[in-house]
Amino acid sequence: MLLTAAPGGRGPLEPWPDTVNWQPISTDLIWVELIRLAVVVAIGLAVTAVGWALSGHWLFGLAVAVVLVLGAWRAVAIVRAVRAWGYAERENDLLVRHGLLVRRLSIVPYSRMQFVDVSAGPLERAFELATVQLHTAAAASDARVPGLRPAEASRLRDRLTALGEDRAEGL
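Note that the structure is a prediction, hence the values are computed from the model and not measured.

S.K.: Is there a simple way to think about a nonpolar patch on the surface in this case?
M.R.: A cluster of nonpolar side chains, namely Trp-58, Leu-59, Leu-62, Val-66, Leu-70 and Trp-73, defines an oily patch on the protein surface of about 680 Å² accessible area. Relative to the helices and strands, Trp-58 resides in helix 2 (residues 58-84). Overall, Trp-58 belongs to the exposed group, its relative accessible area being 59%.

Here is the structure:
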């Protein structure tokens, strides 16, 4: 079966609807993720470098090179992955998109939300970022929007909570 392009030049499997106004997340999340990666790479390099220094075996040297190559590849992937995140508020639901290789579009009806969390770890707080986590009755449908400024995260939490209460009253 031949897949043809949809009207407007988009592929037939393109999951992002054109009819919504996508909001990007903060690019400061790139720095948060790169710092996390740097810690993991530093630990990997330290372990392999110590093994190389103690044994002198060439496999440890190869392991150092592999850690560096994988770290560089992951750094590029982090930049692209953070830019792929977005969310859109519609009349009856919230859309959350992310992913590069496997694109994911989560549609969460306001009426299905049970509660909304805002969280920020120490690294996120240092960069003034927060994550909004939506919880529904089905655990598999929970969605999150990382990399929001605290004011936007609070606004989104309050709006989603209010819309969830309004929509749930009709059930």
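S.K.: How should I be thinking about the UniProt feature "transmembrane region" (unreviewed entry) in the chain in this particular structure?
M.R.: Residues annotated in UniProt with the feature "transmembrane region" (unreviewed entry) correspond here to residues 34-54 and 60-82. The annotated region residues 34-54 carries 100% helix and 0% strand content, and the separation between its end C-alpha atoms amounts to 30 Å. What you have in residues 60-82 is 100% helix and 0% strand, and the ends, taken at the C-alpha atoms, are 32 Å apart.

S.K.: How should I be thinking about the pairing of strand 6 (residues 130-136) in this particular structure?
M.R.: Side-chain positions along a regular strand alternate between the two faces of the sheet. With 6 of 7 residues buried, strand 6 lies mostly within the body of the structure. Bridge count between strand 5 (residues 113-119) and strand 6: 6 bridges; the pairing is antiparallel. Each residue of the ladder has a partner; that of Ser-119, found in strand 6, is Thr-131.

S.K.: Help me understand the sheet that holds strand 3 (residues 93-98) in this model?
M.R.: Hydrogen bonds along the backbone pair up the strands of a sheet, which may run parallel or antiparallel. Strand order in this open sheet of 4 strands is 1-2-3-4, and the pairing throughout is antiparallel. Edge strands, defined here as strands with exactly one partner in the open sheet, are strand 1 (23-24) and strand 4 (104-109). Summarising the sheet, strand 3 and strand 4 pair through 6 bridges and their orientation is antiparallel. Pairing of Leu-95 across the sheet is with Ile-107, part of strand 4.

S.K.: I keep staring at the pattern of salt bridges and nothing clicks. Help me out?
M.R.: Across all of its chains, the model carries 8 salt bridges by this definition. Where Glu-33 meets Arg-36, a salt bridge forms, and the shortest distance between an N and an O atom there is 2.8 Å. Of this pair, Glu-33 and Arg-36 are both found in helix 1 (residues 28-55), 3 residues apart, which corresponds to roughly one turn of the helix. Between Arg-159 and Glu-89 there is a salt bridge, with the nearest N and O atoms lying 2.7 Å from each other. A residue pair is termed long-range when its members are at least 10 positions apart, and Arg-159 in helix 4 (residues 150-168) and Glu-89 in strand 2 (residues 86-89) qualify at 70 residues. On the basis of relative accessible area, Arg-159 is assigned to the partly exposed category, the value being 33%.

Rules and cut-offs
- Residues numbered from 1 in each chain as written.
- Predicted model: local features only at pLDDT ≥ 70, side-chain atom pairs only at ≥ 80, totals over all residues.
- Heavy atoms only, no water.
- Patch = residues over 30% accessible without salt bridge, like charges linked within 9 Å, V, L, I, M, F, W, Y side chains within 5 Å.
- Areas by Shrake-Rupley, 256 points an atom, 1.4 Å probe, with all protein chains shown as cover.
- Salt bridge = Lys/Arg side-chain N within 4 Å of Asp/Glu carboxyl O.
- Helix = DSSP H or I, 4+ residues; strand = E, 2+ residues; numbered from the N terminus.
- Buried < 20%, exposed > 50% of the residue type's maximum accessible area, 1.4 Å probe, protein only.
- UniProt positions renumbered as here; feature names shortened; annotations may be inferred.
- Pairing = 2+ DSSP bridges.

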